[in-house]
Amino acid sequence: MNSIKELQWLDNLCCAGYPIEVDGLRWPSTEHYFQAQKFATTSPEMTEEIRSLPGNSVESNFRAKRLGRTGQLRPDWEEVKYSVMRTAVLAKFSQHKDLKQKMLKDFPLEATFVEHCADAEWGDGGDGSGKNLFGKVLTEVRDILAEQDAKGGCKTVP
């Protein structure tokens, strides 16, 4: 059984030093990208403020998360948040070879993600009753990467 510290490379908040590029823009982390997308249609200023935070630290990830709890969410957020998370996580693991190799080698067949705060939506709720959306994203991304490796090419995610 892996400890939580050994699995931090999977997490958006506790994994720093892995910037991503999405649609031609560089983001300090998956957390920055995800939080900023909450305001993509309602507050371009907030989106840019989050993207412009100094990167490469766990504290910056937490700061992005805090900012993501302010402001007016885009009206379609509930409908798009899963695909936004998948885009961010796929970017992280496809753009960083070391993480991709680790994902394909070490990631379990089906993930249950237990967040530090027992999040009932993205995690397992602390007692297994949560939706485990982040675990589902991780599993889906791992499967996409494995398929890409098997075919020797790239797959476009809708």
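Before going into details, it helps to say that this report is about the structure given with it. Keep in mind the model is a prediction, meaning the values are calculated, not measured. All residue numbers refer to positions counted from 1 along the written sequence of the respective chain. Only residues with pLDDT of at least 70 get local features here, since the model is predicted, and only at 80 or more are side-chain atom pairs given and counted; chain-wide, interface and lining totals rely on the full set of residues. The basis for every side-chain value is the complete set of heavy atoms in the structure, and neither hydrogens nor water enter the calculation.

## Brief notes about the overall build of the chain
Rules: Helix and strand assignments come from DSSP, with helices taken as H or I runs of at least 4 residues and strands as E runs of at least 2, each series counted from the N terminus. Think of it in three bands: residues with accessible area under 20% of the maximum for their type are buried, residues over 50% are exposed, and the middle band is partly exposed, with areas taken using a 1.4 Å probe on protein chains only. Any two residues whose heavy atoms approach within 4.5 Å are treated as being in contact.
Tallying secondary structure elements over the chain gives six helices and two strands in all. Going from N to C terminus, the chain has its helices and strands arranged as β-β-α-α-α-α-α-α. Put simply, the chain has 158 residues, and 45% of those count as buried. Of all intrachain contacts in the chain linking residues separated by at least 6 positions in sequence, the fraction that spans at least 24 positions is 63%.

## Side note on the nonpolar core
As a reminder of what qualifies: Here, the term nonpolar core denotes a set of buried Ala, Val, Leu, Ile, Met, Phe, Trp, Tyr and Cys residues that are joined through side-chain atoms within 4.5 Å.
Among the nonpolar cores identified, the biggest contains 34 residues, and Val89, Phe93, Met103, Leu138 and Val141 are the most heavily contacted of them. Among the secondary structure elements, those contributing two or more residues to this core are strand S1 (20–22), helix H1 (30–37), helix H2 (44–51), helix H3 (58–67), helix H4 (77–95), helix H5 (97–106) and helix H6 (133–151). The leading source of residues in this core is H4, at nine residues. Excluding residues within four positions of it along the chain, Val141 makes contact with Arg86, Val89, Leu90, Phe93 and Met103.

## Here we look at the layout of surface pockets
The line we're drawing: In this analysis a 1.4 Å probe is tested at points of a 1 Å grid over the protein atoms alone, and where it fits but cannot get out there is a cavity; an open set with protein on both sides within 12 Å along at least five of seven lines is a pocket; lining residues have an atom within 4 Å of a point. Grid points are joined across faces, edges and corners, and a volume is the space filled by probe spheres set on the points. Charged residues are taken to be Asp, Glu, Lys and Arg, nonpolar residues to be Ala, Val, Leu, Ile, Met, Phe, Trp, Tyr, Cys and Pro, and polar residues to be all remaining types, Gly included.
If you add up the space inside the second largest pocket, you get close to 260 Å³. Forming the boundary of the second largest pocket are 17 residues, of which Phe34, Gln35, Lys65, Asp119 and Trp122 lie nearest the centre. Mapped by element, the contributors of at least two residues to the lining of the second largest pocket are H1 and H4. Class assignment of the residues belonging to the lining of the second largest pocket gives a composition of six nonpolar, two polar and nine charged.

## Details of the packing of aromatic side chains
Basically, it comes down to this: A pair of aromatic rings is counted whenever rings of Phe, Tyr or Trp (Trp by its six-membered ring) have centres within 6.5 Å, and the orientation is called stacked for planes under 30 degrees apart, edge-to-face for over 60 and tilted otherwise.
For the coordinates displayed, the defined rule picks out four aromatic pairs. Aromatic pair Trp9 and Phe93: ring centres 6.0 Å apart, planes at 75°, arrangement edge-to-face. Taken as a pair, Trp9 in the segment before S1 and Phe93 in helix H4 lie far apart in primary sequence, 84 residues in all. Pairing Trp27 with Tyr33 gives two aromatic rings, centres 5.3 Å apart and planes at 80°, and the pair type is edge-to-face. Site record: aromatic cluster; members linked through ring pairs are Phe34, Trp77 and Trp122.

## A closer look at the packing of H4 against H5
Selection rule: The convention used is that axes are lines fitted to C-alpha atoms, helices contributing only their stretch in contact, and that angles between N-to-C directions extend from 0 to 180 degrees. Between 65 and 115 degrees an angle is taken as roughly perpendicular, under 35 as roughly parallel, over 145 as roughly antiparallel, and anywhere else as oblique.
Look at H4 against H5: their axes get within 5 Å of each other, and the N-to-C directions meet at 105°. With respect to H5, the axis of H4 lies roughly perpendicular. Only Lys97, Leu99, Lys100 and Met103 of H5 make contact with H4, whose side of the interface consists of Lys92, Phe93 and Gln95. Across the contact of H4 with H5, the residue classes break down as three nonpolar, one polar and three charged.

## Quick look at H1
Of all eight residues in H1, eight are buried, a share of seventy percent or more. Listed as buried for H1 are Thr30, Glu31, His32, Tyr33, Phe34, Gln35, Ala36 and Gln37. Taken together, the buried residues of H1 touch S1, strand S2 (25–27), H2, H3 and H4.

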